[in-house]
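Topology and contacts: notes
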Amino acid sequence: MTKTTNYSRIIAGTMTWGDWGKQLSEQRIEQLIHHCLEQYISTFDHADIYGDYTNEEQFGKAFATSDINREDIQLISKCGIQFDVKSRSNNIKHYAYSKDYIIWSAERSLKALRTEYLDMFLLHRPSPLMHPSEIAEAIAKLKKEGKIRQFGVSNFNPSQIALIETVMPIEGNQLEFSLTSNNVMGDGSLDDCIINKRLAMSWSPLGSYFKEDSLKTKRIKKVLKSLCNKYNATEDQLLLSWVLKHPAEVCPVVGTATPDRLAMAMKALEIEMELQDWFLLLEASNGYEVA
Ligand SMILES: NC(=O)c1ccc[n+]([C@@H]2O[C@H](COP(=O)([O-])OP(=O)(O)OC[C@H]3O[C@@H](n4cnc5c(N)ncnc54)[C@H](OP(=O)(O)O)[C@@H]3O)[C@@H](O)[C@H]2O)c1
């Protein structure tokens, strides 16, 4: 498999642009899309569920009124999580991967985003009940009709990927990966992306650093503050630089909706973190030195 490289190395995550966070107006969303493109952030990460199934529609409306060429951006979206919300007749949160549901969900995302195709379409989370052949039929149809260009997964471990790959190739995996949440370095998930040339994306690349005041984040903060001076960089830039140093060439999916922070994120690509500083931060996160 050849890794496709038209995705921007920093991906803009849209999860909190709408009802799950900043509640941006369509005008502000349009401005933010333009701002991202000015920073060379051209890839936007969506999921059907964001904003309780409302974000894609808002983004789509904003994009439609912009004068941006569809080929100048890349859209990623996901399907499979079924929430117990008013707009759906579910009794319980669950995962759905029948052929009809996958196709229906992809077509719904296309309509909401006002686009003819998704650059990459992901299964959001692995389900214990997923049938590889049924998934493959849906994906093959969507690809044949030009509705999705690439197919990937999210939060799948190598064994779950191998299961799906008995019937069809997987081109990307979006994983939780940050300094504070780095299990995917050890469970084979990032190795699998390197070996099989899959696009590796990391969600929540800043981890719990700005979200929690724990012993772990306190330890990291102490080290990070001194490195900020050394690299003339901000804490979020160094946290991204730590993720970027991994050989899987991970694309961080950054969640900020703050224009200045998006610009800062892109500048993190210019930081070359020294080997021992990378391990200093790993030690601070783990709370012990490597064996
Ligand atoms: N595949 C999956 O299962 C999955 C799961 C979760 C998320 N995602 C994707 O990943 C994206 C990113 O997730 P995330 O939002 O958790 O990512 P993140 O980039 O790790 O965190 C972003 C959050 O940190 C805040 N922040 C950033 N810099 C800060 C600073 N210097 N000081 C204080 N706060 C700061 C932001 O606030 P402001 O917005 O106020 O700047 C924002 O709330 C989502 O948008 C979504 O696309 C995927």
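Anyway, here's the lowdown on the structure attached to this text. (Residues numbered from 1 in each chain as written. Predicted model: local features only at pLDDT ≥ 70, side-chain atom pairs only at ≥ 80, totals over all residues. Heavy atoms only, no water.)

**Re the overall build of the protein chain**
Counting its regular elements, the protein chain contains eleven helices and ten strands. The C-alpha atoms of the protein chain give 19 Å as radius of gyration, which agrees with the globular expectation for 291 residues (19 Å, within 12%). Principal axes of the C-alpha set define a box for the protein chain whose edges measure 50 × 45 × 40 Å. Of all 291 residues assigned to the protein chain, the portion counted as buried reaches 55%. For the protein chain, restricting intrachain contacts to residue pairs at least 6 apart in sequence, the fraction spanning at least 24 positions comes to 77%. Here the protein chain has roughly 13800 Å² of accessible surface; of this, 50% comes from carbon and sulfur atoms. Placing the 33 positive and 38 negative side-chain charges of the protein chain at their respective mean positions leaves the two points 2 Å apart. (Helix = DSSP H or I, 4+ residues; strand = E, 2+ residues; numbered from the N terminus. Rg over C-alpha atoms; globule rule 2.2 N^0.38 Å. Buried < 20%, exposed > 50% of the residue type's maximum accessible area, 1.4 Å probe, protein only. Contact = heavy atoms within 4.5 Å. Areas by Shrake-Rupley, 256 points an atom, 1.4 Å probe, with all protein chains shown as cover. Lys, Arg positive; Asp, Glu negative; His and termini not counted. Charge placed at Lys NZ, Arg CZ, Asp CG, Glu CD.)

**Details of the pairing of strand S10 (residues 251-254)**
A two-sided burial pattern is seen for S10, the buried positions comprising Cys251 and Val253 on one face and Pro252 and Val254 on the other. As judged from the two bridges shared by strand S1 (residues 11-13) and S10, these two strands associate in the parallel manner. In the sheet register, alanine 12 faces S10, and the bridge partner there is valine 254. (Pairing = 2+ DSSP bridges.)

**A word on the packing of helix H3 (residues 55-65) against helix H4 (residues 99-113)**
One can describe the packing of H3 onto H4 by two numbers: an axis separation of 6 Å at closest approach and a directional angle of 40°. As judged from the angle between their axes, H3 and H4 are oblique. Residues Glu56, Glu57, Phe59 and Gly60 of H3 form the contact with H4, whose own contacting residues are Arg108, Ser109, Ala112 and Leu113. Among the residues forming the contact of H3 with H4, the class breakdown is three nonpolar, two polar and three charged. (Axes fitted to C-alpha atoms, helices over the stretch in contact; angles between N-to-C directions. Parallel < 35°, antiparallel > 145°, perpendicular 65-115°, else oblique. Nonpolar A, V, L, I, M, F, W, Y, C, P; charged D, E, K, R; others polar.)

**What about unusual backbone geometry?**
Although it is not a glycine, arginine 114 adopts a positive phi angle of roughly 55°. By secondary structure assignment, the location of arginine 114 is in the loop between H4 and strand S6 (118-123). For arginine 114, a relative accessible area of 41% gives the class partly exposed. Positive phi, close to 50°, is recorded for glutamate 249, a residue that is not glycine. Within the secondary structure, glutamate 249 is located in the loop between helix H9 (235-244) and S10.

**Examining the pattern of salt bridges**
Under the defined criterion, the tally for this structure stands at 17 salt bridges. Here lysine 147 makes a salt bridge to glutamate 145, at a shortest N to O gap of 2.9 Å. Here lysine 218 makes a salt bridge to aspartate 213, at a shortest N to O gap of 3.5 Å. On the accessibility criterion, aspartate 213 (63% relative accessible area) is exposed. Salt bridges sharing partners connect three or more residues here, namely Glu107, Lys141, Glu145 and Lys147. (Salt bridge = Lys/Arg side-chain N within 4 Å of Asp/Glu carboxyl O.)

**Quick look at the nonpolar core**
As a rule of thumb, nonpolar side chains are buried together in soluble globular proteins. Trp17, Ile102 and Ile135 are the most contacted members of the largest nonpolar core, which has 48 residues in total. Core analysis: the next-biggest nonpolar cluster, separate from the first, contains 27 residues, Val184, Cys193, Val243 and Ile271 among them. (Core = buried A, V, L, I, M, F, W, Y, C linked by side-chain atoms within 4.5 Å.)

**Considering the side chain of serine 189**
Tracing the chain through its elements places serine 189 in helix H7 (residues 189-195). In this structure the side chain of serine 189 is engaged in a polar contact, spanning 2.8 Å, whose partner is the side chain of aspartate 187. Discounting residues that sit within four places of it in the chain, serine 189 has contacts with Phe156, Asn157, Pro158, Leu175 and Val184. (Polar contact = N/O pair within 3.5 Å; in protein donor to acceptor, adjacent residues only side chain to side chain.)

**Here we look at the site of the ligand**
Around the ligand, a shell composed of 27 residues is seen, among which Lys22, Asp45, Ser204, Thr256 and Thr258 lie nearest. Lysine 211 is positioned with one of its side-chain polar atoms (N or O) 2.8 Å from an oxygen atom of the ligand. Its free accessible area being 930 Å², the ligand has 84% of it covered by the protein chains. Along the lines of polarity and charge, the residues of the shell around the ligand split into nine nonpolar, eleven polar and seven charged. (Near = heavy atom within 4 Å.)

**A word on the sheet that holds strand S7 (residues 148-154)**
Taken in spatial order, the eight strands line up as S1-S2-S3-S6-S7-S8-S9-S10 and close into a barrel, and their pairing is parallel. Sheet twist, expressed as the average angle between the axes of neighbouring strands with direction ignored, equals 30°. On top of the sheet, helix H5 (residues 132-144) reaches S6 and S7; it is set at about 150° to S7, its chief contact.

**Description of a nonpolar patch on the surface**
On the surface, a cluster of nonpolar side chains totalling about 280 Å² of accessible area is made up of Leu275, Phe279 and Val290. Structurally, valine 290 is set in the segment after helix H11 (275-286). (Patch = residues over 30% accessible without salt bridge, like charges linked within 9 Å, V, L, I, M, F, W, Y side chains within 5 Å.)

**Digging into the packing of aromatic side chains**
Inspection of every chain in the model, using the stated rule, returns eleven aromatic pairs. Note on tryptophan 20 and phenylalanine 83: the rings are 6.0 Å apart at their centroids and 75° apart in plane angle, and the pair reads as edge-to-face. Placement of tryptophan 20 in the loop between S1 and helix H1 (26-38) and of phenylalanine 83 in the loop between strand S4 (81-82) and strand S5 (94-95) is noted, with a sequence separation of 63 residues between them. Owing to a relative accessible area of 32%, tryptophan 20 belongs among the partly exposed residues under this scheme. Phenylalanine 83 sits in the buried class, given a relative accessible area of 17%. Seen in terms of ring centroids, tryptophan 278 and phenylalanine 279 are 5.0 Å apart; in terms of plane orientation they differ by 75°. Their pairing is edge-to-face. A cation over a ring is seen here: arginine 88 above tyrosine 53, with NZ or CZ 3.7 Å from the ring centre. In this structure, lysine 221 packs its charged tip against the face of tyrosine 209, placed 4.9 Å from the ring centre. (Phe/Tyr/Trp six-rings, centres within 6.5 Å; stacked < 30°, edge-to-face > 60°. Lys NZ or Arg CZ within 6 Å of the ring centre and 35° of its normal.)

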